[in-house]
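# Coordinates in review
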Amino acid sequence: MPQLIDTGSATRPAASPDILAFPGDAGYDDARRAWNLAVDQRPAAVALPETVDDVVAAVDYARTVGLRIAVQGTGHGARHDLLDGTLLINTARMTGVEIDANARVATVAAGTIWIDVVDAAIEHGLTALHGSAQDVGVVGYSLGGGIGWFARKHGLASSSVLSAAVVTADGDVVRADPETNPDLFWALRGGGGSFGVVTSVEIALYPITEAYAGWLIWPMDRAGEVLAAWAEWTRTAPEDVTSVGRLLQLPPIPEMPEALRGRQVVVVEAAYLGDEASGRELLRPLRDLEPEIDTFATVPARGLTELHQDPPGPVPGAGDGWLLETLDAAAAAAIVESAAMDGTAPLLSLEIRHLDGALGRPDPNGGVLSHFEAPYAVYGVGALMGPVTREAVEARLREVRAASTPWAARTTYFNFADGDVDPSDLYPDGAFGRLAEIRATVDPDGLFRARHTI
Ligand SMILES: Cc1cc2nc3c(=O)[nH]c(=O)nc-3n(C[C@H](O)[C@H](O)[C@H](O)COP(=O)(O)OP(=O)(O)OC[C@H]3O[C@@H](n4cnc5c(N)ncnc54)[C@H](O)[C@@H]3O)c2cc1C
C-alpha cells in the first residue's frame, strides 16, 4: 500500500469563520450556487478558500465536526444528491495561471476555468487540452478525463496532467507526480474528486496556434443518412481530426442566427490540425452530401473554445451520456428515431463524439483512465426552460439509450455520465480494484464525496 509523503509545510490555522458560510448567512446562497442552475444543492456549509491554508482549515473543520466534503470549482458537474451533510469546498476564489513557455507547462490553481489557461498560453504560441466550453473548470474536467478538440491527437486531458498539489483527508499537503505519491497521481487522473482537494495542477501545453474547423449543417430529415456517412468517414479519419456528429433542436430565440432559429438540424463539427488544402480534401466525402451551411475555415486556436457553441454562462440543464462500441447505419437510424427531435422533443442536443486515435490506446504515462475501448461517446442534454422538465429529458435519454443498447459498450465515460453509475463501469477491465484500494488508503473514512465517488 502506498505511503503518502508530506512534501508541504502546511500550518494548520483554526477554521476561519471568514471562509465558511452556513445556511442563513448572507453569502451562503451565492457560494452554494452551481453552474447548472437546475441543481439546488444545499450543503451543511460552504467554504470559499483563497489559499492552500484555507483548504487545510476547511478539511480539518469538516473532519472535526463530522461533515463529509465535496469539492467544486464551477458546478458544471453538480448533482442533486451529493451535498446533504456535506461541507462544499468551492474553489472559485483560487484562480491563476503561470506559464513556463520553455517547458510548455502551465501551473493552474484549483478554481481556474479553461479560457483563462487558453488566453495565458496563446501569448506563447501554445494551447491546452481544453474541452468544448470556455467556463468548465480545469481541475474537475481533468480529474474525470477530458475530451476536447485535440483529443484524437493528444489524448485525454488527464494524461497531460504532470503533477497535482493535494490536501488529503488528514489535512496534509502533498504533491502527486510520477515519483512522489505515484499511486495517488495515477488515481487522480481519471478517478475524480474522491482522493482529496486538488489545490493546483501542472499541465502540459501544446504548440497549436490554428486549426481548420467548423460546422457542416443539414436539415434534420437527412439525420440518419448524414450520421451514417459521418460514422463511415470516421473509420479512416486521421488522428489530426477530432469530430462530432450532432442532432440539434434549436430554440426560436433572437440570439440564434436566423438561418438556424427554431430549426432541427444534423451537424458535423470538426477541428483538423492541418492546412486548409488537406482539410478540404479530408472533408470532401462529407461535402459531397451537400450541406446546407458550411462554416469551415482556418481559425485561431482560441476559436475552438467556441466551436461547439456551449452556453456562455450558467443555465439549468439535465443530460446523460454513454459509450458505443460501434456506429453503423442501423445504430444511427435507431438513435435518430428514438431521439425524435421533431421540434417537440425535450432535448436540445444529442451529440456523438468520435474517440479512437490517441484516445483508443492506453497511455503509458496516463492515470486510471487514459483511453477508451469504445470508439464513440454519446451525450444528450436538454435546457430546463419553458415546458421542458428534468423528468422529460431524462426519460427521453433513457429511450435513446435503450434504442442504442445493441451497440453500447460496457463502460461509460466519467465526465459524460450524469446519472447513477456503478463506478467500476467507468474504467477498462481490471483498473477499478486498484483504484478502490488507493481510495481506501488515502481516505479510509470516506470523507470525500465526488461526482462518481469511488
Ligand atoms: C457545458 C458543458 C460542456 C462540457 N464539455 C465537456 C467536454 O468538452 N469534454 C469533457 O470531457 N467534458 C465536458 N463536460 C463535462 C465536464 O468535464 C464535467 O462536468 C466536469 O466534472 C466539470 O468540471 P468542473 O470543475 O467545471 O465542475 P465541478 O462541478 O465544479 O466539479 C466536478 C467534480 O470534479 C471534482 N473536483 C472539482 N474540483 C476539484 C478539486 N479542486 N479537487 C478535487 N476534486 C475536484 C469534484 O468531484 C466535483 O464533483 C462539459 C460539461 C458541461 C456542463
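This write-up is about the structure you can find in this document. The structure displayed is predicted, hence computed values, not measured ones.

## Here's the deal with the nonpolar core
Counting 72 residues, the largest nonpolar core has Val-117, Leu-188, Phe-195, Val-201, Ile-203, Phe-372 and Tyr-427 as the members making the most contacts within it. For this core, the element with the most residues is helix α6 (residues 182-191), which contributes 5 residues. Residues contacting Ile-203, with those up to four places away along its chain left out, are Arg-104, Val-105, Ala-106, Val-108, Trp-114, Val-117, Ala-128, Val-138, Ser-160, Val-161 and Leu-162. Residues Ala-270, Leu-324, Leu-327 and Ala-345 belong to the second largest nonpolar core, which totals 45 residues.

## Here's the deal with the site of the ligand
Residues in close proximity to the ligand total 32 residues, the closest being Gly-73, Thr-74, Gly-77, Gly-137 and Tyr-413. Here Gly-137 contributes a backbone N or O atom positioned 2.8 Å from an oxygen atom of the ligand. Residue Arg-451 places a main-chain N or O atom 3.4 Å away from an oxygen atom belonging to the ligand. Relative to its unbound accessible surface of 950 Å², the ligand loses 94% to contact with the protein. Looking at the shell around the ligand, the elements that each hand over two or more residues are β3 (68-72), α4 (138-143) and β9 (197-204). Looking at the shell around the ligand, the element that brings in the most residues is α4, giving 4 residues. Class assignment of the residues belonging to the shell around the ligand gives a composition of 15 nonpolar, 14 polar and 3 charged.

## Details of helix α3 (residues 114-122)
By the burial criterion, the buried members of α3 are Trp-114, Ile-115, Val-117, Val-118, Ala-120 and Ala-121. Buried residues belonging to α3 abut β5 (97-100), β6 (105-109), α4 and β9.

## Here we look at unusual backbone geometry
In this model, Arg-104 sits at a positive phi of 55 degrees, which is unusual for a non-glycine residue. Here Arg-104 shows up in the loop between β5 and β6. Of note in the backbone geometry, His-452 takes a positive phi value of approximately 60 degrees without being a glycine. Tracing the chain through its elements places His-452 in the segment after β18 (448-449).

## Points about the packing of helix α7 (residues 223-234) against helix α8 (residues 276-287)
Their axes nearest at 10 Å, the elements α7 and α8 cross at an angle of 150 degrees. When the interaxial angle is binned, α7 and α8 end up roughly antiparallel. Crossing hand, α7 versus α8: right-handed. Contacts between α7 and α8 pair Ala-229, Trp-230 and Trp-233 from the former with Leu-282, Leu-283, Pro-285 and Leu-286 from the latter. Of the residues contributing to the contact of α7 with α8, the split by class is 7 nonpolar, no polar and no charged.

## Structural notes on α6
Burial runs high along α6: 8 of the 10 residues are buried. Among the residues of α6, Leu-184, Phe-185, Trp-186, Ala-187, Leu-188, Arg-189, Gly-190 and Gly-191 are the ones counted as buried. Residues of α6 that are buried in the fold lie against α4, β7 (161-167), β8 (173-176), β9 and α11 (431-442). Backbone geometry just downstream of α6 places Gly-192 in the positive-phi region, at approximately 80 degrees.

## Topic: the packing of aromatic side chains
As enumerated under the stated definition, the model contains 8 aromatic pairs in all. Between Tyr-212 and Phe-296 the ring centres are 5.6 Å apart and the planes differ by 45 degrees, which places this aromatic pair in the tilted class. Remark: Phe-296 occurs in the loop between β13 (293-294) and β14 (297-300) and Tyr-212 occurs in strand β10 (residues 210-219); sequence separation between them is 84 residues. Each member of the pair, Tyr-212 together with Phe-296, is buried.

Here is what the cut-offs are and how they apply
Residues numbered from 1 in each chain as written. Predicted model: local features only at pLDDT ≥ 70, side-chain atom pairs only at ≥ 80, totals over all residues. Heavy atoms only, no water. Core = buried A, V, L, I, M, F, W, Y, C linked by side-chain atoms within 4.5 Å. Buried < 20%, exposed > 50% of the residue type's maximum accessible area, 1.4 Å probe, protein only. Helix = DSSP H or I, 4+ residues; strand = E, 2+ residues; numbered from the N terminus. Contact = heavy atoms within 4.5 Å. Near = heavy atom within 4 Å. Polar contact = N/O pair within 3.5 Å; in protein donor to acceptor, adjacent residues only side chain to side chain. Areas by Shrake-Rupley, 256 points an atom, 1.4 Å probe, with all protein chains shown as cover. Nonpolar A, V, L, I, M, F, W, Y, C, P; charged D, E, K, R; others polar. Axes fitted to C-alpha atoms, helices over the stretch in contact; angles between N-to-C directions. Parallel < 35°, antiparallel > 145°, perpendicular 65-115°, else oblique. Left-handed = near helix turned anticlockwise from the far one by under 90°. Phe/Tyr/Trp six-rings, centres within 6.5 Å; stacked < 30°, edge-to-face > 60°.

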